[in-house]
Each structure stands twice: as C-alpha cells, then as structure tokens.
Amino acid sequence: MLEEIKIMIHNGKQFIPDVRTSKVSETFRGRPVITNAVVDEQKLVELCPTSAISSHPLSIDLKKCIFCGECAFRFPEKIKFTNDYKLSSNNPDNLIIKEGQTGPIMFDPSIVRNEIKKIFKSSLKLRQVCAGGDNSAEYELNASGNANFDMGRFGIEFVASPRHADGILVTGPISENMAEALEIAYKATPEPKLFILCGVDAISGGIFADSKALNRNFLKKVKVDLYIPGNPPHPLNIINGLLNFIN
Amino acid sequence: MNNLCKIKNNNSISLNSIPVYKYSDFFSKVVDLMGDDNKHIVNYFAIPDKNIFRFIALIADDSNSDIIILSHILEENDKKELAALTPKINALHIFEREIFENYGINFIGHPWLKPVRFPKNRYNKELQINDYPFYKINSSELHEVGVGPIHAGIIEPGHFRFICNGEDVLHLEIQLGWQHRGIEKLMLEKKQLLQRTILSESIAGDTSVGHSLAFAQVMETLAQIEVSEQLKIERSLALELERIAIHVGDISALCTDVAYNLGANIFGILRTGIINFTQSWCGNRLGKSMIRVGGINLPFTEKLKISLLDTIAKFEFQFLELAHHTYRLPSVENRFDNIGTVSENQIRKIGAVGMAARMANVKRDIRQSHPFAGFFKYPIEPVVLPKGDVFSRFLLRRKEIKSSIAWIKNMFEKENFDTPSEKPKTSISLMPQMFAVSLTEGWRGEICHCAVTDQNGEICFYKIKDPSMHNWKALELSLRNLEISDFPINNKSYNLSYCGFDL
Ligand code: SF4
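No experiment lies behind these values; they were computed from the predicted model shown.

Q: Tell me about the overall build of chain A, and please be specific about residues and values.
A: The helix and strand tally for chain A stands at eight helices and 10 strands. Against the compact-globule benchmark of 18 Å for 247 residues, chain A has a radius of gyration of 19 Å, which places it among compact chains. Among the 247 residues that make up chain A, the fraction classed as buried is 60%. Put simply, of all contacts in chain A between residues at least 6 apart along the chain, 78% involve residues at least 24 apart. Of the roughly 10100 Å² that chain A leaves accessible, carbon and sulfur atoms contribute 54%. In chain A, 29 side chains carry a positive charge and 28 a negative one; their mean positions are 4 Å apart.

See the structure below:
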C-alpha cells in the first residue's frame, strides 16, 4: 500500500484539467492555414496523395486530408499547419479550409436535430464500429478514455451493445466485408441516434477511397451528425467534437 | 545445399536468376531446409505472370542472416493442384491457404484449406464472409460459443468460435477478413510514391513505423538509394519508440484485465509520454509521416535528443518503480502464471515469429539475425523467455522496454544530430525485372515486404506480411483446455493485428 502511494506521488497529477484549452506540441499538424502567397497551384494540387487540395481558389478539404504534411513541407510559404486540434464539425462545408481563412472550425448548433439536443444534453453512450480501419483511430479513441484525457468525466462512454447506445461511431473506410455488420449495428441502436464518422478513413475513405474492397453505400442512407477529421484524430479533437452535443 | 539462391535483407535479385525447381525438388528442398532449427519460413506466395504462376518461398537462416529463395512454376496447361507441404511443414499452412484462396490452386492433402481473409479479388467469389466453414465436433455434450465480428469495446472486428465442454475450451478457431481493404492491390494502382508510402503506414496503425520502414527499404533497394548512416539510426530510434509505447500500453491493458487499476492507469499514462514525444518529433503520435523513402522531412535534432533523454529518464524511473511492484503482486502472478502456455515445439511447428516466438524459448528477432537500419552499428540482443505462458508475454514486454531504452541511451552516447539527415525523394526510378525483399522487426515481430518490377521498372507485384499472419495460430493453441473466461487475458497478451492480417 505504502509503495503504491509512493508510485502515485511520483506520477503526480496527470489528467488534463481543461480539454478545451490544453496545448499540444508545435509540430502537431492540426488546422491548416493557406496564405495568399503565389505558388504553382497545379503542383500543389498534384502532390496531395488523397486529392484533398483544390485550386481556384486554393482550398484543403479536411474530409480527405490525411495530415501527411507534404503540402506544407514542399510549399512552406503557402501552407502551414497550426496545432489547433479542434477539427470536428457537423457541417461538411466548414471542413473545407479556404485561402486566407485563419479562424477556428465551427460546429453549427442550428443544424442539430431537436430530439438530439433534448435527449443527449448531459451524457453520451456510443457504440464504436471499426469497419476496415488501420487501428489508429481506435487507438486514439481508447486513449481518449485514459487517465490523461479522461473523457468519462463528461459522461461520454463507449458501450458494448448498440442497444444500449445513443449512437454509432464509425472508424475505418467501411470494407465490403464489414458493411453488413455495420448496418446491423446501426439498426439495433434505438432512435433517436447519432451517427458519427471518426477519422479520415471513415469520412471519405482516406487513402483507401478508390479501393474496390470497400462498400460505402450505407452512408447514402444515413445522416451524419459529426465528422471528426484526422489520421488518426487526436484525443482532444475527439473529445471536443463530442462535447458539442452535451453541455 | 551450397548452390541455393540466397540474398541478404534489403537486397534485390533479378527475377530471372532465381532458380526454378521442379515441384518435387522444391518440395524436398523446403522439407530439408526446414528441418534445421535455425531456419524459419518468412513467406510463401504465388506471383501471377501472364498465364503462369511463379511461386516464391523465402526461408530465413537465423544463423548467418541469409534469406534463401526457392521457386517453382505452374505453367498455363498444368493442373491447378500441388501436393500440400503443410502436413510435413505445419508453418506453411497459412501461406498455402492464402494461395488457394487467391488463385484457386488446390493443395492436395492440406488438412485445413479454408479461406484466409475473403479478399475482394479472391478466386471463389461465391463464397461470402458469413459462409466460413468452421470446424465442428458432433456431440451433444459440447456447445459452441461464437463472438464477433463486432466485439465489446473499441477493438477491431474478427470472429472467435469456441467449442466448449462446459466452461472448458476444447478448440478455438479464429476467422478474420473483416478489415480487408485491398492494400496490396492499391499498392499497384496508386502510382505516386507518397501514396504508396502512406498505404504502408496504414497497414497497421499501431505499427506505422515498422511497416513503412519495410516499404521504404524495399523502394530504396530497387532504386539503389543508399541512405546515410544517421538516417538509418533515426529510423531504428523511431522503431524502438514504437516498441516501447505499444508494449507499455499492452502492460496497462493486461493490468486492466486483472482489475489492477493503479497499473492500468499509470502504465497508460507512461505510454502518453512516449507517443507525445513521437508527436513532437514528427507531428503524429503514431509515427505516421516519420518514415519517407530516401530521407526524412523532420530530421532528429540535438534539441530533440535532450528532450527525449529527459522523457526517457522520467519514464524509466516510474516504469521501473511500478513494474517492480506490479510484477510481484500475487493477484497478477496467480492470474497470468501457467495460463495459456504454448510449448517451444508448438511455436516451432506453427512458425511463430517475434514476441510470440521469444516468449517460448525461440530466439527470432530480425534486428539481430538479419540486421537493418541502425542495428548494424548498434546491435541489440533479443530477450528470450522459456515458458510460453501469459506471464511470459507480460514479462517479455517489460524486459524489451528495458532493452530498447538501453539501446537508445547507448546510441545517444555516441551519436550527435547536429547536421540534419537528408530530405526524402519525391520520385524514384526502379531497376526493371527485379525482386526485392525487406524484413524489419516491428514490436509484434517480423514484418516482410516484397516487390517485383516489370521490364519498365514499374511495380507489378507487392506482398505484405504482418507477423500476425504466423502468430494468430499461437493464440488458438493457447486457449486449448483453458476456461473460456481466460480468453481476454490471452488475447491481450498477444495483441495481434486484425488489419495487418486482413490487408
Ligand atoms: S497534408 Fe493534407 S492537404 Fe497536404 S498533402 Fe497531405 S493530405 Fe494533402
């Protein structure tokens, strides 16, 4: 017992007191900023591995960006990644970063369905479904619940059964082999339910977008309540994204 | 046996100079070679080439760092069947299954010729993932328990089918494939070097460094790029950080399963320190964007070295203190000791690699046997434990963390990072008609990437092997005659990859 107390004292306080303002290292690639510098836009568009960059005007689509940083390494005067980790939104248009835009990525409370606002305001129980992911978003989801980030303190938890869940959170690009299981889990979740895409693979397919081994048809049938960009999303991005639903 | 075709790790050979044997000769050569305890099977696959199939088997000789290449060909008019090697060399079971699933080549006498991962371009498209033919025992005394593909918790999908006598597990069969997203095919379809690099980082996100390093080395081999000694060392450093982080996370997860909360929490916190350092180096906690072909975007610096030494000093003190306490707790020892034991003999038979081999007295570690990157200049001695139970897997992680830390500290005493390593290449040209192989030792074990180029120097075949390809069988064997409630600790004690297996 004494030994354990010593261990605890040596470890000190490790939880992050305020997940909304906590800083991460400068090198972390979060929200990008596109300057007005004049560069060969065609080159920039072509170098992006997931076609996340469009020209006229130049923009980066965070639904496709895998945050490899290549655009910023090659055109540092044009693209910079800030360490702002709050990348989540319920409005896909807000995830397209345009030239000159420096403000934060906004969540749009006005488009949240009324029943969601009413029912989920104080806690959130989600069922995660991994559908062809590379286990990195899953890794960060697990980290979100650890003693550092402690998502549980906000009443956000992941549950074992979809029947006990307020919604489904998907990771991975939705492999054909997993498509049916995902749909079954979604149907088993009681209404009203949230549907969340976590990580670039889930949102757009990411680097796997063109693979014939995927089956993303299910997404045509459901409304997405939250997009959490990132490859994988940082735990602070996940938590802040989810906190938008609860007070 | 002296006229065998051999290459070293991270080398290439012209495809046409690989000797092609008659199948019966190939068969007996493989059987002969595999009779030696120093040798293990690395990979066995078929390359479709117009109307023929060229089979390649890679056997590692751990005593002299050779990789032996054996080949045979199935011609257009040959019957699509071969005598299975599996009954003689069990370790080939999964590779013959894979070839059967991909191309419909029948291995006669294979006891278990079942689907592997239901890939999109499988031979028998009629067969769906829900039709997997599970082993059955007809008895009214027994019952079956099926779990998955979706499990409780944030974890990848897979199906576990137990045949139980009461609480006791007689047999466990693991069906995978749900994570299949067609990576090997995308490796050919995506033409940009960066796209391919990113694919390699996404084979198994918890092993981004291990896999992307194998990819980079294959490309550098085919493009004849010799990277600087300093870059090689930086890559090994990244690999050891990945090992430390995942190992300490797994120790935390095992503590969770025995309800030892202090261990679960603090080992988890300790992992955060390491992955946050990785983030401060390359911008990503999992080391994505760290490894690039021919160079590195964010080279290691003296400043980072000071910061890492500080991180490691804190980590080491707390890790040792907590481990010293945790590993002696009767509640931990009792739960892990003599549970889920696999014997050395079983491990050799199934051809397990990496941690799954070393915990059962089988010394297989590519860092030592077939060195790569910084492990030539700074060798590492593998940790080997004799028993093969859950406790051994728990203990191996602790010892490997210590050994990786010692490796880093020793290397830091001699290296300085004043001049930054070279920048990555944005495009490369590859030698035509070559076969290249790269092995790395990720935290789970041996990773193997192979590539073949056509006459224009385009990649026409790419093969990826995660260590889980060999090692899932070890988990199945561990469960024999245990109670079904022992499954979670066994599963976590291996922590095998679904996505790395499913590709
Ligand atoms: S960081 Fe994003 S936008 Fe830039 S190149 Fe990579 S994927 Fe494209």
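Q: Residues and numbers for the overall build of chain B, please.
A: In terms of helices and strands, chain B carries 16 helices and 14 strands. Relative to the compact-globule value of 23 Å for 503 residues, chain B shows a C-alpha radius of gyration of 22 Å, a close match. Summarising its shape, the C-alpha atoms of chain B cover approximately 65 × 65 × 40 Å along the three principal directions. Put simply, chain B has 503 residues, and 66% of those count as buried. Put simply, of all contacts in chain B between residues at least 6 apart along the chain, 67% involve residues at least 24 apart. Accessible area of chain B: about 17300 Å², with a carbon and sulfur share of 49%. Of the charged side chains in chain B, 58 are positive and 59 negative, and the gap between their average positions amounts to 2 Å.

Q: I'd like to hear about the sheet that holds strand β2 (residues 11–14) of chain B, residue by residue, with values.
A: Two strands in a sheet stick together by hydrogen bonds in their backbones, pointing the same way (parallel) or opposite ways (antiparallel). Residues and elements named next belong to chain B. Pairing within the open sheet is antiparallel, and its four strands lie in the order β2-β12-β13-β14. Edge positions in the open sheet fall to β2 and β14 (459–465), since each of these has one partner strand only. Each adjacent strand pair in this sheet contributes to an overall mean axis angle of 15°, direction not counted. Relative to β14, strand β13 (residues 446–453) runs antiparallel, the two sharing six bridges. Residue pairing in the sheet places Thr453 in a bridge with Ile459 of β14.

Q: Help me get a handle on the site of the ligand, residues and values and all.
A: The environment of the ligand is formed by 13 residues, the closest being Cys48(A), Cys65(A), Cys68(A), Gly69(A) and Cys71(A). Per-class residue counts for the shell around the ligand are 11 nonpolar, two polar and no charged.

Q: Tell me what's going on with the packing of helix α5 (residues 136–144) of chain A against helix α8 (residues 235–243) of chain A, and back it up with residues and numbers.
A: Two quantities define a packed helix pair, namely the angle between the helix axes and the distance between the axes. Residue and element names in this part refer to chain A. The contact between α5 and α8 brings their axes to 8 Å, and the two run at 70°. Between α5 and α8, the angle is such that the two are roughly perpendicular. In the packing of α5 onto α8, the handedness of the crossing is right-handed. On α8, the residues touching Glu140, Leu141, Ala143 and Ser144 of α5 are Pro235, Ile238 and Ile239. Residues that form the contact of α5 with α8 fall into these classes: five nonpolar, one polar and one charged.

Q: Outline the interface of chain B and chain A, listing residues and values.
A: Taken residue by residue, the interface counts 66 residues in chain B and 62 residues in chain A. Summing both sides of the interface, chain B and chain A together bury roughly 5300 Å²; the carbon and sulfur share of this comes to 55%. A per-residue breakdown of the area chain B buries against chain A is headed by Ile150(B), Ile154(B) and Arg181(B), which together make up 13% of the total. The interface formed by chain B and chain A contains five salt bridges. When the shortest N-O distance is used, the salt bridge between Arg285(B) and Glu140(A) registers 2.6 Å.

Q: Which residues make up unusual backbone geometry, and what are the values?
A: His56(A) connects to Pro57(A) through a cis peptide bond whose omega is -15°. Relative to the assigned elements, Pro57(A) resides in the loop between β2 (53–54) and β3 (59–61). Gly148(B) connects to Pro149(B) through a cis peptide bond whose omega is 15°. With respect to the helices, strands and loops of the structure, Pro149(B) is situated in the loop between β9 (143–147) and β10 (159–165). For Asn10(B), which is not glycine, the phi torsion reads 60° and is therefore positive. Among the structural elements, Asn10(B) can be located in the loop between β1 (5–8) and β2.

Q: Would you mind going over helix α6 (residues 229–257) of chain B in detail, with residue names and values included?
A: Residues and elements named next belong to chain B. The terminal C-alpha atoms of α6 lie 42 Å apart, and with 29 residues this matches the ideal 42 Å at 1.5 Å per residue to within 8%. With 25 of 29 residues buried, α6 is to be regarded as a mostly interior element. Downstream of α6 by a residue or two, Ala259 has a phi angle that is positive, lying close to 55°.

Q: Account for helix α1 (residues 23–34) of chain B, naming residues and giving values.
A: All names here are of chain B. Between its first and last C-alpha, α1 extends 16 Å over 12 residues, near the 16 Å set by a 1.5 Å rise per residue. Taken residue by residue, α1 has Tyr23, Phe26, Phe27, Val30, Leu33 and Met34 as its buried positions. When α1 is viewed along its axis, its buried side chains cluster within an angular range of 140° and face the same direction. Packed against the buried residues of α1 are β3 (20–21), β4 (39–49), β5 (52–61), β6 (66–74), β7 (81–83) and α2 (93–103).

Q: Describe the packing of α6(B) against helix α15 (residues 487–494) of chain B, and please don't skip the residues or the numbers.
A: Residues and elements named next belong to chain B. The geometry of α6 relative to α15 is characterised by a closest axis approach of 9 Å and an angle of 175° between their N-to-C directions. Compared by their axis directions, α6 and α15 come out roughly antiparallel. Of α15, the residues touching α6 (which contributes Ala253, Leu254 and Asp257) are Pro488, Ile489, Lys492 and Ser493. In terms of residue class, the contact of α6 with α15 is built from four nonpolar, one polar and two charged.

Q: How would you summarise the pairing of β10(B) if you had to cite specific residues and measurements?
A: The side chains of a regular strand alternate, residue by residue, between the two faces of the sheet. All names here are of chain B. Judged by how many residues are buried, β10 sits mostly within the fold: six of seven residues are covered. Relative to strand β11 (residues 168–175), β10 runs antiparallel, the two sharing seven bridges. By the bridge assignment for β11, Asn165 is matched with Asp168. Remark: two residues form the turn of the hairpin made by β10 and β11, two consecutive strands paired antiparallel; Gly166 in that turn has positive phi of roughly 65°.

Parameters at a glance
- Residues numbered from 1 in each chain as written.
- Chains lettered and ligands numbered in written order.
- Predicted model: local features only at pLDDT ≥ 70, side-chain atom pairs only at ≥ 80, totals over all residues.
- Heavy atoms only, no water.
- Helix = DSSP H or I, 4+ residues; strand = E, 2+ residues; numbered from the N terminus.
- Rg over C-alpha atoms; globule rule 2.2 N^0.38 Å.
- Buried < 20%, exposed > 50% of the residue type's maximum accessible area, 1.4 Å probe, protein only.
- Contact = heavy atoms within 4.5 Å.
- Areas by Shrake-Rupley, 256 points an atom, 1.4 Å probe, with all protein chains shown as cover.
- Lys, Arg positive; Asp, Glu negative; His and termini not counted.
- Charge placed at Lys NZ, Arg CZ, Asp CG, Glu CD.
- Pairing = 2+ DSSP bridges.
- Axes fitted to C-alpha atoms, helices over the stretch in contact; angles between N-to-C directions.
- Near = heavy atom within 4 Å.
- Nonpolar A, V, L, I, M, F, W, Y, C, P; charged D, E, K, R; others polar.
- Parallel < 35°, antiparallel > 145°, perpendicular 65-115°, else oblique.
- Left-handed = near helix turned anticlockwise from the far one by under 90°.
- Buried area = accessible area lost by both parts, 1.4 Å probe.
- Salt bridge = Lys/Arg side-chain N within 4 Å of Asp/Glu carboxyl O.
- Expected span 1.5 Å × (residues − 1).
- Arc of directions from axis to C-beta.

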